[in-house]
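# Chains, contacts and geometry: an overview
These are the residues of each chain, in order.
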Amino acid sequence: MNERSYETVLYRQEGGVAYVTLNRPKQLNAFNGTMCTELRDLWRGLRPDASVRCVVLSAAGEKAFCTGVDRSEVNVDYADQLAAGENAGTANVGGFSSPFMLDDPGAQVGPKSNDYWKPVIAAVNGMACGGAFYMLGESDFIIAAEHATFFDPHVTYGMPTVFEPIHMMQKMPFHEIMRISLMGNAERVSAQRAYEIGLVTEVVPGDELVAAATRAAEIIASYDPMAVQATVRALWSGLEVGRSQALSQGYSSIALGQTAEGLRAGQDAFTSGQRMQWRLR
C-alpha cells in the first residue's frame, strides 16, 4: 500500500498511521465514478495490511471536505426513464436499473461498508454536505476545522435525502439530522454547533487540523491492534442491535481481541511505573 497511487485520492503512511486524502479540490472533492472505485479498493486493500493501525481521512484544499456526488456524472433523467420503462442505468455515478435496484455510489466510499474495522478519524476542512455523510457516518470520530460547515442540499434540488441522514443518525440527535435534511441549502451547521450536538469531538484552527487528527491517530496506533479493532467492532455492533444482545456479543469481542502479547505489553507498561502524559479535552 505504501507505493500505491490513485487518480482521485492521495495516500501516504507514516508509522502505523495512514493518511487518505480526497483529491479533487477543483470539484470541491465531490466523488465521481473513479473516486468511488478507488476508495472501495483502498479500504479493502488496507484490511490485510498489518502495518496500518489507524487512518486519518481528510481532503485537499480549504473549501470543502466533500460535497457529495459529482453531479456532472449523474443521470438526471432516470425518473422519467423509469416511468417509461426505459433503461435508467446510464449514470456514471449511481442510478436505478429498476425501482427495485439502485446502484448507490455511497455503498463504495465508506470504510465500514467495505468491512474495514480499523479506526478512521475524519478531519473536516470546509464544507461537508450530502454524500460526504456516507464517509463521515462511517468514521469513528470527527475533528473539524473552525470554518467547517455541515448541510444536506438534496431537498433543495428536488431529491429525497435518505441514506446520508440515516448514516448520520448514529452521530447526532434525531431532531438535528432531521432539521439538516429538511432545511436543505437554506441553513448550515457550524463547527461549533456540530461540537455542541456531539457530531464532532474537537474543533481546531484550520492550520492545526491534520496535527490534531495525527495526535489522536498516533496514540491509537501505539496500542495493541487486536484490542483496538475488537473495541471498534463491538461498539459499532452496539449501535445496530439491542442492548442485551450487544452485551452478550461482547464476550466474543473480548476473546477475539485480547491476546497474550497485548496483555504482556500492557502489564509491562503498568508495572514500569511510567504513565502516559495525558491532555485535557
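In case you missed it, the structure is sitting above this.
Report follows, based on the coordinates. Quick caveat, the model's predicted, so the values are computed rather than measured.

Moving on, we get to a negative patch on the surface. Residues Glu-62, Glu-146, Asp-207 and Glu-208 make up a contiguous surface patch of negative charge. Turning to its location among the elements, Glu-146 is positioned in the loop between β9 (141-145) and β10 (149-151). The class for Glu-146 is exposed, based on a relative accessible area of 54%.

Turning to the pairing of strand β7 (residues 120-124), a few remarks are in order. With respect to burial, β7 is a largely interior element, five of its five residues being buried. The alternating pattern of β7 places Val-120, Ala-122 and Val-124 and Ile-121 and Ala-123 on opposite faces, both of which are buried. Alignment of β7 against β9, held across four bridges, turns out to be parallel. In the strand pairing of β9, Ile-121 is matched with Phe-141.

With that out of the way, let us pick up the pairing of strand β3 (residues 54-59). Buried residues dominate β3, accounting for six of its six residues. Neither face of β3 is open: one carries Cys-54, Val-56 and Ser-58, the other Val-55, Leu-57 and Ala-59, and all of them are buried. For strand β2 (residues 17-22) and β3, the ladder comprises six bridges, and the chain directions are parallel. Bridge pairing links Val-17 to Cys-54 in β3. What joins β2 to β3 is helix α1 (residues 33-46), and the crossover it makes is right-handed.

This next bit is on helix α9 (residues 225-240). A rise of 1.5 Å per residue sets the reference length of α9, with its 16 residues, at 22 Å; its end C-alpha atoms lie 23 Å apart and thus fit the reference within 8%. All buried positions along α9 are accounted for by Val-228, Ala-230, Val-232, Trp-236 and Ser-237. Residue Asp-224 occupies the N-cap position of α9, its side-chain oxygen lying 3.3 Å from the main-chain nitrogen of Met-226.

On to the packing of aromatic side chains. Tallying each qualifying case throughout the model produces one aromatic pair. Judged by centre distance (5.5 Å) and plane angle (40°), the ring pair of Trp-43 and Tyr-116 falls under tilted. Of this pair, Trp-43 sits in helix α1 while Tyr-116 sits in the loop between α3 (106-109) and β7; the two residues are 73 residues apart in sequence, bridging distant segments of the chain. Of the residues examined, Trp-43 reaches a relative accessible area of 0% and is grouped as buried. Taking the relative accessible area as the measure of exposure, Tyr-116 reaches 0% and is therefore buried. Here the guanidinium or amino end of Arg-12 rests over the ring plane of Tyr-19, the centre of that ring lying 4.0 Å away. Over the face of the ring belonging to Trp-117 we find Arg-233, whose NZ or CZ atom lies 3.9 Å from the ring centre.

What counts, and at which threshold
Residues numbered from 1 in each chain as written. Predicted model: local features only at pLDDT ≥ 70, side-chain atom pairs only at ≥ 80, totals over all residues. Heavy atoms only, no water. Patch = residues over 30% accessible without salt bridge, like charges linked within 9 Å, V, L, I, M, F, W, Y side chains within 5 Å. Areas by Shrake-Rupley, 256 points an atom, 1.4 Å probe, with all protein chains shown as cover. Salt bridge = Lys/Arg side-chain N within 4 Å of Asp/Glu carboxyl O. Lys, Arg positive; Asp, Glu negative; His and termini not counted. Charge placed at Lys NZ, Arg CZ, Asp CG, Glu CD. Helix = DSSP H or I, 4+ residues; strand = E, 2+ residues; numbered from the N terminus. Buried < 20%, exposed > 50% of the residue type's maximum accessible area, 1.4 Å probe, protein only. Pairing = 2+ DSSP bridges. Right-handed = clockwise from strand over helix to strand, strands pointing away. Expected span 1.5 Å × (residues − 1). Polar contact = N/O pair within 3.5 Å; in protein donor to acceptor, adjacent residues only side chain to side chain. Phe/Tyr/Trp six-rings, centres within 6.5 Å; stacked < 30°, edge-to-face > 60°. Lys NZ or Arg CZ within 6 Å of the ring centre and 35° of its normal.

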